[in-house]
Amino acid sequence: MKKNFLTIPLLLLLLPLMAVGSNHAQFFSYDKEAVEETFSQLDQLEKQIILQTGINNESLSGKSLMYSDLTGINASSVPVSPLFGINDMDWGAFAWGFLCCPVGFFVVAINKQKPQRSKTSYWIGVIASSVLSAISTIASGFASSTVP
Amino acid sequence: MYTKDFYIVKKHLLIILLVFLASGHLAVAQPHYRIQANFSVKEVKSDGSQSLSMGRVFYDLHHGKVVFDIYYPSPHQIVLTNTHVYIIHQGKVTNTSKAPNMLSFSIFNLSMKGSLPYYGLQDTPFELQDIERVDSMVISTWQLPEALVKSRSKLLLSQVDRRLQGLVTFDEDGELVSRQLFENYTTVQGLSFPRRVVQFVYTADGSKDQRITTYSNIMVNNSTSNENMYHFRLPDH
C-alpha cells in the first residue's frame, strides 16, 4: 500500500512525457445510442411507474413511507428510531457537552448537519457535567462547613 | 481614554468571534457519514430478458449497512453488510448469502471515504503497474503481485478530472469480464457522486448483459428523517 502511495504521484509526474494514445481507451467508451435503444422499453416502464405510483423525487424526499407501509408490518410495532444506547453514543459530541458546552452548543447542538444521536450525546455530556459539578460543589461546601 | 468596561466588552466580543469561527470551520470540515438516494436498476440480459427495480438506498458509515428499500417490482429490502447480503420480505429474512468486502467496495462506502477515484484499490494488494493519458482521460493498470498470483487478471481504471470514469476487469486468462462506466457526476455537500453507472458483463460465449443504475435525489448527511433505515435492524433469522 505504501508502494502505491509513492508510485501514483511518481507516475503522475511522468505522465506528460508518456505517449498519448492507447488501445485501452476503447474499453471506456460505448455506443450510447445503441444502449439508449436497448433500454428504451425499460425507460418507458420506469416513467409509467413514477406516474402511476405518484412516487417521484420530490415526494420521496421528505417522506418516510417505505418500510412499515410496504412490508406489511404494523407501524406501531416498528420504532421510528431505535432507543438510544451506549453504542449510539457519539463520544466526540459527548466531550463537547461535558468539557466545553458553550462551544459545543454551536458545534453540535444547533448544527443542522449533526445527526440526532450526536445532539443527544451532547446533551448527555452537558447533563453529566452539570450533575458532577453540582455534586462536587455540594461536597466541597459540606467539607468546608465541617472543618473546625 | 477607554474605560475598563470597554476592554471587557471587546474581550468578550473577541471570544464570541473566535467561537463562531471555530464552529464554522468545524462545520465545513465535517466528514461525510450518510448518504441516501432514489435508485433504479435496469437490466437487459443477453437472452433478451429485461428487468427493472426501483427504490431508495440508505447508508450510514458508522452503522455499516447499505439498505436498499425496494418498492418495484415488489416491496422488499436488500441489506448489504461487509460479510453478507440479506433479502427481507415482509419483515423476515428470506435469503442470506456471503458477500465478503462487498460493502467496503460499494460505491457508497468508497465515495464517502474519498476512495472512489481509485475505487479503493490503493488499500488492496493490487499494485499500480502502468499509467497513461488519452486526451483528458488518465488510465491506470492495476494487477496483483506476481508472487501472489500468476495470471493475466488485471483492472483498468480511468479518471477524468480526477473522478472515476471507468473500471474494466479482466480474468486470469486476460479475457474481458466487465466494464463499468461512471457518469453524470453531481456534487452534494462536497461529496462527488455519479448519478449513472453503465455496466457491461461479458460471458464466456461472447454475449453480454447490460445494466444501467441511476441515482437521483441524492442527500448527504441527512439527519431529519429515515432514521429507521439508516439504523436498520435485521429481523431475527
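Nothing here was measured: the structure is a model prediction, and the numbers come from that model.

A. Structural view of the overall build of chain A. Across its full length, chain A carries eight helices and zero strands. Mapped from its N terminus to its C terminus, chain A presents α and β elements in the order α-α-α-α-α-α-α-α. Every one of the 148 residues in chain A was classed for burial, and the buried ones make up 29%. If you take every contact in chain A between residues at least 6 apart in sequence, the share linking residues at least 24 apart comes to 53%. Total accessible area on chain A is roughly 9700 Å²; 65% of this is exposed by carbon and sulfur atoms.

B. Here's a closer look at a nonpolar patch on the surface. All names here are of chain A. A contiguous nonpolar patch, built from F105, I110, W123, I127, V131, L132 and I135 and spanning about 670 Å² of accessible area, is present on the exposed surface. Here the element with the most residues in the nonpolar patch is helix α8 (residues 116-146); it accounts for five residues. Secondary-structure assignment places F105 in helix α7 (residues 101-109). For F105, a relative accessible area of 33% puts it in the partly exposed group.

C. Structural context of unusual backbone geometry. All names here are of chain B. With omega at 10 degrees, the peptide bond leading from Y72 into P73 counts as cis. Mapped onto the elements of the fold, P73 is located in the loop between β3 (65-72) and β4 (76-80). For N101, which is not a glycine, the phi torsion comes out positive at approximately 65 degrees. Looking at where N101 falls in the secondary structure, it is placed in the loop between β6 (92-98) and α2 (107-112). At N217, a position not held by glycine, the phi torsion is positive, near 50 degrees.

D. Broad picture of the pairing of strand β8 (residues 137-143) of chain B. Residues and elements named next belong to chain B. When you tally the buried positions in β8, you get six out of seven residues, the bulk of the element. Pairing of strand β7 (residues 127-134) with β8, which is carried by seven bridges, proceeds in the antiparallel orientation. Across the sheet, the residue bridging to D130 is T141, located in β8. With six bridges connecting them, β8 and strand β9 (residues 154-160) associate as antiparallel partners. By the bridge assignment, W142 is partnered in β9 with L155.

E. Looking closely at helix α3 (residues 40-53) of chain A. Residues and elements named next belong to chain A. If you check α3, its first and last C-alpha atoms are 20 Å apart, about what 14 residues at 1.5 Å a residue would give, namely 20 Å. When α3 is considered as a whole, its buried residues turn out to be L42, E46 and I49. Summarising the axial view, the buried residues of α3 lie within an arc of 60 degrees, below the 170-degree limit, and thus occupy one face. Away from the buried face of α3 by more than 90 degrees, exposed residues Q41, K47, L51 and Q52 are located.

F. Quick look at the packing of helix α6 (residues 91-99) of chain A against α7 of chain A. Residues and elements named next belong to chain A. Closest axis-to-axis distance for the α6/α7 pair is 6 Å, and the angle between their directions is 145 degrees. Of the two possible hands of crossing, α6 and α7 adopt the one that is left-handed. Across from A93, W96, G97 and L99 in α6, the residues of α7 making contact are C101, V103, G104, V107 and V108. Of the residues in the contact of α6 with α7, the class split is seven nonpolar, two polar and no charged.

G. Summary view of the pairing of strand β2 (residues 50-60) of chain B. Residues and elements named next belong to chain B. With eight of 11 residues buried, β2 lies mostly within the body of the structure. Pairing of strand β1 (residues 34-44) with β2, which is carried by 11 bridges, proceeds in the antiparallel orientation. Along β2, the bridge assignment pairs E43 with S51. Hairpin connection, β1 to β2: the antiparallel pair is bridged by five residues, and G48 has positive phi, about 95 degrees.

H. Quick look at the packing of aromatic side chains. Going through the model one piece at a time under the given rule, you end up with 16 aromatic pairs over all chains. Their ring planes at 80 degrees and their centres at 5.9 Å tell us that F105 of chain A and F106 of chain A sit as a pair that is edge-to-face. Looking at R34 of chain B, its charged tip hangs above the ring of Y230 of chain B, at a distance of 4.1 Å from the centre. Above the plane of the ring of F170 of chain B lies K154 of chain B, whose end atom (NZ or CZ) is 5.3 Å from the centre.

I. Just the confidence of the model for chain A, in detail. With 57% of its residues at a pLDDT of at least 70, chain A reaches an overall mean of 70. Here residues 57-83 of chain A is a poorly scored stretch, pLDDT under 50, and it has 47 contacts once near neighbours within four places are set aside; other chains count.

Calculation notes
- Residues numbered from 1 in each chain as written.
- Chains lettered and ligands numbered in written order.
- Predicted model: local features only at pLDDT ≥ 70, side-chain atom pairs only at ≥ 80, totals over all residues.
- Heavy atoms only, no water.
- Helix = DSSP H or I, 4+ residues; strand = E, 2+ residues; numbered from the N terminus.
- Buried < 20%, exposed > 50% of the residue type's maximum accessible area, 1.4 Å probe, protein only.
- Contact = heavy atoms within 4.5 Å.
- Areas by Shrake-Rupley, 256 points an atom, 1.4 Å probe, with all protein chains shown as cover.
- Patch = residues over 30% accessible without salt bridge, like charges linked within 9 Å, V, L, I, M, F, W, Y side chains within 5 Å.
- Salt bridge = Lys/Arg side-chain N within 4 Å of Asp/Glu carboxyl O.
- Pairing = 2+ DSSP bridges.
- Expected span 1.5 Å × (residues − 1).
- Arc of directions from axis to C-beta.
- Axes fitted to C-alpha atoms, helices over the stretch in contact; angles between N-to-C directions.
- Left-handed = near helix turned anticlockwise from the far one by under 90°.
- Nonpolar A, V, L, I, M, F, W, Y, C, P; charged D, E, K, R; others polar.
- Phe/Tyr/Trp six-rings, centres within 6.5 Å; stacked < 30°, edge-to-face > 60°.
- Lys NZ or Arg CZ within 6 Å of the ring centre and 35° of its normal.
- pLDDT = per-residue confidence, 0-100.

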